[in-house]
Structure formats: C-alpha cells, structure tokens
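Residue-level structural notes
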Amino acid sequence: MKIAILPGDGIGPEIMAEAVRVLRALDLPGVELHDGLVGAAAWRVHGHPLPPETLALMHACDAILFGAVGDPACDGLERHLRPEQAVLGMRKELGLFANLRPAKVFPGLEAHSSLRPEVAGAIDLMIVRELNGDVYFGEKGMRTTSDGQREGYDIMSYNESEVRRIAHVAFRTALGRSGRLCSVDKANVLETSQLWRDVMIEVAADYPDVTLEHMYVDNAAMQLVRAPGKFDTIVTGNLFGDILSDQASMCVGSIGLLASASLGAEQTAFGTKGAYEPIHGSAPDIAGKGLANPVAMILSAAMMLRHSFGLEAEAARIEAAVASALNAGARGADLGGNMGTVAIGNAVLAAL
Ligand SMILES: NC(=O)C1=CN([C@@H]2O[C@H](COP(=O)(O)OP(=O)(O)OC[C@H]3O[C@@H](n4cnc5c(N)ncnc54)[C@H](O)[C@@H]3O)[C@@H](O)[C@H]2O)C=CC1
Ligand SMILES: CC(C)CC(=O)C(=O)O
Ligand SMILES: [Mg+2]
C-alpha cells in the first residue's frame with residue numbers, strides 16, 4: 001500500500017505532519033509513505049509545480065495524500081507555472097473526476113456554525129463535485145477586442161459522457177445514503193447546465209430507488225444556509241461544487257474541518273485509486289504560525305483508508321477520535337479555541 005505524501009505549500013506541511021502522525025500511530029502493516037514536492041515547493045526546486053518526478057510518484061502510488069498548494073509569491077507567474085496548476089494537473093492526469101466532500105456537524109460544535117445551532121445540528125450532506133471538466137479546464141486566454149479593450153475568457157463546457165459518469169457516482173452515493181439526490185445547475189441560463197440536467201434525468205432511469213430533484217445554483221446557495229438539513233446528496237459541476245463546499249464548511253463551523261476524496265475509475269490491488277485533500281487551500285495568512293486546524297487533513301487520511309484501501313474500521317477509528325477530541329474541546333482559533341496545530345494533533349492521537 002504505497003501512499004504519496006505531498007504536503008505542498010503554506011499550511012500544507014503543518015497539517016500533513018499531523019495526518020502522518022495519525023497514520024503512523026495506526027501502525028498498519030504494508031503501508032509505505034513516499035514524500036514528494038508539489039505546488040510552489042516543487043516550482044522552487046524543479047521550476048514546475050507538478051514536475052515529472054511528482055507525476056511519476058503519483059502514478060506509482062495506490063493513493064495520494066495532498067495538503068494544499070498556493071503561494072502569493074507565485075501570483076505573477078505565467079498561469080501554467082502557478083502552484084494551483086498542480087492540483088488541477090493531478091486531477092486531470094489521474095482522471096480523478098469525482099470529488100466527494102462530506103459535511104456533517106460534529107457533536108458539540110453546533111454553536112460554532114455560522115448558522116443557528118438548531119439549524120446547523122441537522123447538517124449531514126455529501127457534495128459530489130465533478131472535477132475534470134467545466135470552466136476550469138476549458139479554453140482560456142486574454143485577447144484584445146476590436147475597440148482595444150483587454151478581454152479574459154474561460155470556456156465552460158461539459159460533454160455528455162463527463163456528466164453521465166459523475167451522475168452514476170452521485171446516484172450510487174445517494175443510494176448508500178438516504179436515497180435523495182439534488183442536482184445543482186444553472187439550466188435557466190447555461191447550455192452546459194441544460195445538458196447536465198438532461199443527462200441527470202436520463203441516468204435517473206437506472207436508479208428507481210433514488211429521488212432526483214433539480215435546483216438552480218443561486219437557490220441552492222440560499223437553501224444551504226436556510227435549511228441545510230434538507231439536503232442529503234448534492235451533485236454539481238466543478239465550479240459550483242467548489243463554491244458551495246466552502247460555503248457548507250462554515251455551516252458546519254470551519255473550513256478546517258472538511259475533508260475530500262477525489263476518485264477516478266482506476267482500481268489498484270487494494271481499492272479505488274484516489275487523492276485525498278482538505279477542501280481548503282494553503283491559507284497563507286496563517287501559514288508558519290502553527291495555527292492551522294489539521295482536522296480536514298486527518299479526516300482526508302481516513303477517507304483514503306476507506307476508499308483506497310478498504311480499511312473501514314481504521315477509517316472509522318480516526319473519525320471517532322477526531323469527533324471525540326473536538327467534543328472534548330480540542331479547538332483552534334477557527335473554532336473559537338486557542339489550541340495550535342500540533343496540540344490538536346496530539347488530542348486526536350490521544351483519542352485514537
Ligand atoms: N486544493 C488546493 O490546493 C487549494 C488551493 N487554494 C489556494 O490556496 C491559496 C489561499 O487561498 P484562499 O482563497 O485564501 O483559501 P484558503 O482556503 O487557503 O483560506 C481561506 C481562509 O480560511 C482559513 N483556513 C483555511 N484552512 C484553514 C485551516 N485548516 N485552519 C484554519 N483556518 C483555515 C485561512 O486562514 C483563510 O482565512 C491560494 O493560492 C489558492 O489558490 C485554494 C483552495 C484549494
Ligand atoms: C485551486 C483550486 C482549483 C482548487 C479549489 O479551490 C478546490 O478544489 O476546492
Ligand atoms: Mg475550493
């Protein structure tokens with residue numbers, strides 16, 4: 001069981017250290033951890049955010065633990081050299097098209113939500129975000145219009161097989177939960193979304209036990225804070241899923257709590273190959289201060305054990321330890337506490 005450890009930039013190395021401590025504490029037989037560089041950290045050494053060495057490591061491993069990439073010092077670089085291209089490149093190169101982002105309120109944290117505790121307490125949802133298409137991967141560029149203005153453009157598109165494969169993931173996910181699936185789009189305005197909706201309806205025929213509803217993304221953003229408990233499984237495109245999941249994180253209390261799994265079709269000897277990363281970024285504003293919440297990274301490691309290695313009991317053990325540590329007061333500044341990254345890691349380890 002080979003795992004690529006790619007901490008990346010900013011708080012990435014700080015939170016990854018805690019996830020690695022938790023993994024090592026489980027002392028799982030046959031697990032090998034292989035370190036690699038990604039993002040600005042890789043660009044500084046190799047001149048590229050996703051160098052061939054790192055790509056080869058990603059291909060050679062059964063799963064990838066990915067911290068975060070992004071560094072304000074790189075904002076002026078040509079786009080293909082910016083750190084963020086590493087996470088996009090990894091997802092595309094490995095065909096990781098399905099991003100699962102669970103959001104559930106932890107017992108004892110209801111009062112830390114941006115919502116009223118009784119509203120927050122009902123949250124238990126799964127966002128299934130398409131990860132290989134949409135406006136993030138369309139043709140983009142800068143041009144000059146005929147009247148001499150600069151114009152930026154990014155083409156949004158999905159083809160039907162891209163929508164169909166994420167639809168199947170979403171319907172299967174909903175089947176394993178409450179059987180309710182909400183497809184979020186903007187079909188009242190966008191052709192891309194009209195196709196998305198049409199294909200969702202076609203695929204629904206294969207899943208008679210799932211109830212499919214459709215919601216426009218602007219309404220979904222509103223409903224997510226009005227009555228988030230009404231959602232169970234949400235399926236949506238790359239851009240909308242990116243935005244709605246950050247919003248969902250504050251409904252449960254902090255962006256430092258939400259983990260994710262990015263999965264494709266590739267199967268290894270142990271399970272589905274995947275990359276596991278917090279939903280947040282490199283948080284340059286708190287990087288290097290020991291303040292980052294490592295929970296999202298630790299929970300991403302748990303998702304890895306579940307999806308890529310079939311180690312359900314071990315995944316559940318990590319999740320229970322996190323819930324117990326949080327409930328006992330292990331909280332950093334993001335949750336109104338004063339514990340640092342390592343202290344929160346210690347609390348999770350003690351609860352394992
Ligand atoms: N998957 C990835 O590698 C991602 C990378 N990014 C990149 O990260 C950089 C920063 O982006 P932002 O928009 O600031 O988003 P961000 O998610 O890094 O930070 C947003 C806010 O949340 C806080 N935050 C994030 N993670 C936290 C944690 N674990 N504990 C406590 N507080 C936390 C930050 O301090 C900041 O105030 C940019 O370069 C961006 O492109 C952004 C999102 C995802
Ligand atoms: C850097 C972005 C492409 C990644 C992001 O914001 C995300 O996946 O949540
Ligand atoms: Mg994001």
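Model, not experiment: these values are computed from the prediction.

Here is what the cut-offs are and how they apply
Residues numbered from 1 in each chain as written. Chains lettered and ligands numbered in written order. Predicted model: local features only at pLDDT ≥ 70, side-chain atom pairs only at ≥ 80, totals over all residues. Heavy atoms only, no water. UniProt positions renumbered as here; feature names shortened; annotations may be inferred. 1 Å grid on protein atoms, 1.4 Å probe; cavity = no way out; pocket = protein on both sides within 12 Å on 5 of 7 lines; lining within 4 Å. Helix = DSSP H or I, 4+ residues; strand = E, 2+ residues; numbered from the N terminus. Contact = heavy atoms within 4.5 Å. Polar contact = N/O pair within 3.5 Å; in protein donor to acceptor, adjacent residues only side chain to side chain. Near = heavy atom within 4 Å. Areas by Shrake-Rupley, 256 points an atom, 1.4 Å probe, with all protein chains shown as cover. Sits in = over half its atoms within 2 Å of the grid points. Nonpolar A, V, L, I, M, F, W, Y, C, P; charged D, E, K, R; others polar. Domains from an automatic or database assignment. Buried area = accessible area lost by both parts, 1.4 Å probe. Salt bridge = Lys/Arg side-chain N within 4 Å of Asp/Glu carboxyl O. Expected span 1.5 Å × (residues − 1). Buried < 20%, exposed > 50% of the residue type's maximum accessible area, 1.4 Å probe, protein only. Pairing = 2+ DSSP bridges. Axes fitted to C-alpha atoms, helices over the stretch in contact; angles between N-to-C directions. Points joined across faces, edges and corners; volume = space filled by probe spheres on them.

Let's shift gears to the UniProt feature "binding site: substrate" (unreviewed entry) in the protein chain. The sites that carry the UniProt feature "binding site: substrate" (unreviewed entry) are, in the present numbering, Arg-91, Arg-101, Arg-129 and Asp-218. For the annotated residues, spread through 128 residues, the largest C-alpha to C-alpha distance comes to 26.5 Å, inconsistent with a single compact locus. If you take the residues mentioned a moment ago, the ones lining the largest pocket come down to Arg-91, Arg-101 and Arg-129. Relative to the helices and strands, Arg-101 is located in strand β4 (residues 98–104). Not counting residues within four places of it along the chain, the set of residues in contact with Arg-101 comprises Arg-91, Leu-125, Met-126, Ile-127, Arg-129, Gly-241, Asp-242, Ser-245, Ala-259, Ser-260 and Ile-279. At 2.7 Å, the side chain of Arg-101 forms a polar contact with the side chain of Asn-99. Within the element layout of this structure, Arg-129 appears in strand β5 (residues 124–130). Among all residues touching Arg-129, those that are not within four sequence positions of it are Arg-91, Phe-97, Ala-98, Asn-99, Arg-101, Tyr-136, Ile-166, Thr-236, Gly-237, Asn-238, Gly-241 and Asp-242.

Near ligand 2, the surroundings consist of Glu-84, Leu-88, Arg-91, Arg-101, Arg-129, Asp-242 and Ile-279. At a separation of 2.8 Å, an oxygen atom of ligand 2 approaches a polar side-chain atom of Arg-91. Contact distances for ligand 2 include 2.9 Å between an oxygen atom and a side-chain N or O atom of Arg-129. For ligand 2, the accessible surface in isolation is 290 Å², of which the surrounding protein chains cover 76%. The cavity where ligand 2 resides is the largest pocket. With three residues, helix α4 (residues 84–93) is the largest single contributor of residues to the shell around ligand 2. Here the shell around ligand 2 is composed, by residue class, of two nonpolar, no polar and five charged.

Let us now look at the domain arrangement of the protein chain. Accessible area lost upon the coming together of the parts serves often as the stated size of an interface. The assigned domain composition of the protein chain is domain 1 (1–96 + 264–352) and domain 2 (110–252). One C-alpha centre belongs to domain 1, the other to domain 2; they are set 24 Å apart. Each partner contributes to the interface: domain 1 provides nine residues, whereas domain 2 provides 10 residues. When the two sides are added together, the surface that domain 1 and domain 2 hide from each other amounts to roughly 920 Å², 60% of it contributed by carbon and sulfur. Remark: the boundary between domain 1 and domain 2 carries zero salt bridges.

What follows is about helix α10 (residues 295–309). Taking 1.5 Å per residue as the helical rise, α10 with its 15 residues ought to reach 21 Å, and the 20 Å between its terminal C-alpha atoms agrees with that figure. Within α10, 13 of the 15 residues are buried, which leaves the element mostly enclosed by the surrounding structure.

Our focus in this paragraph is the site of ligand 1. As a matter of local geometry, ligand 1 sits amid 19 residues, with Val-69, Glu-84, Gly-281, Ala-283 and Asp-285 nearest to it. At 3.2 Å, a side-chain N or O of His-280 approaches a nitrogen atom of ligand 1. Backbone polar atom of Ala-283 to an oxygen atom of ligand 1: 2.8 Å apart, as the coordinates give it. Protein contact buries 69% of the 800 Å² of open area that ligand 1 shows by itself.

For the rest of this paragraph, the subject is the sheet that holds β4. Across the sheet, 10 strands lie side by side as β2-β1-β3-β12-β11-β4-β5-β10-β8-β9; this open sheet has mixed pairing. In this open sheet, the two strands that pair with only one neighbour each are β2 (32–35) and β9 (211–216). For this sheet the average axis-to-axis angle between neighbouring strands, irrespective of direction, equals 25 degrees. Its contacts with the sheet put α4 on β3 (63–68), β4, β5 and β12 (272–276), and the angle it makes with β3 is roughly 160 degrees.

With that settled, the discussion passes to the pattern of salt bridges. All told, the structure shown has 16 salt bridges when counted by the stated rule. Connected through salt bridges with shared partners, the residues Lys-104, Asp-124, Arg-177 and Asp-232 form a single ionic network.

Applying the stated criterion to the full structure yields one cavity of 30 Å³ or more. Taken as a whole, the largest cavity spans an internal volume of roughly 80 Å³. Together, Asp-134, Met-156, Tyr-158, Val-184, Asp-185, Thr-192, Ser-193, Trp-196, Thr-236, Gly-237 and Phe-240 line the largest cavity. For the lining of the largest cavity, the secondary-structure elements that each account for two or more residues are β8 (180–185) and α7 (191–204). Ranked by residue count, the leading element in the lining of the largest cavity is α7, at three residues. Considering only residue class, the lining of the largest cavity consists of five nonpolar, four polar and two charged.

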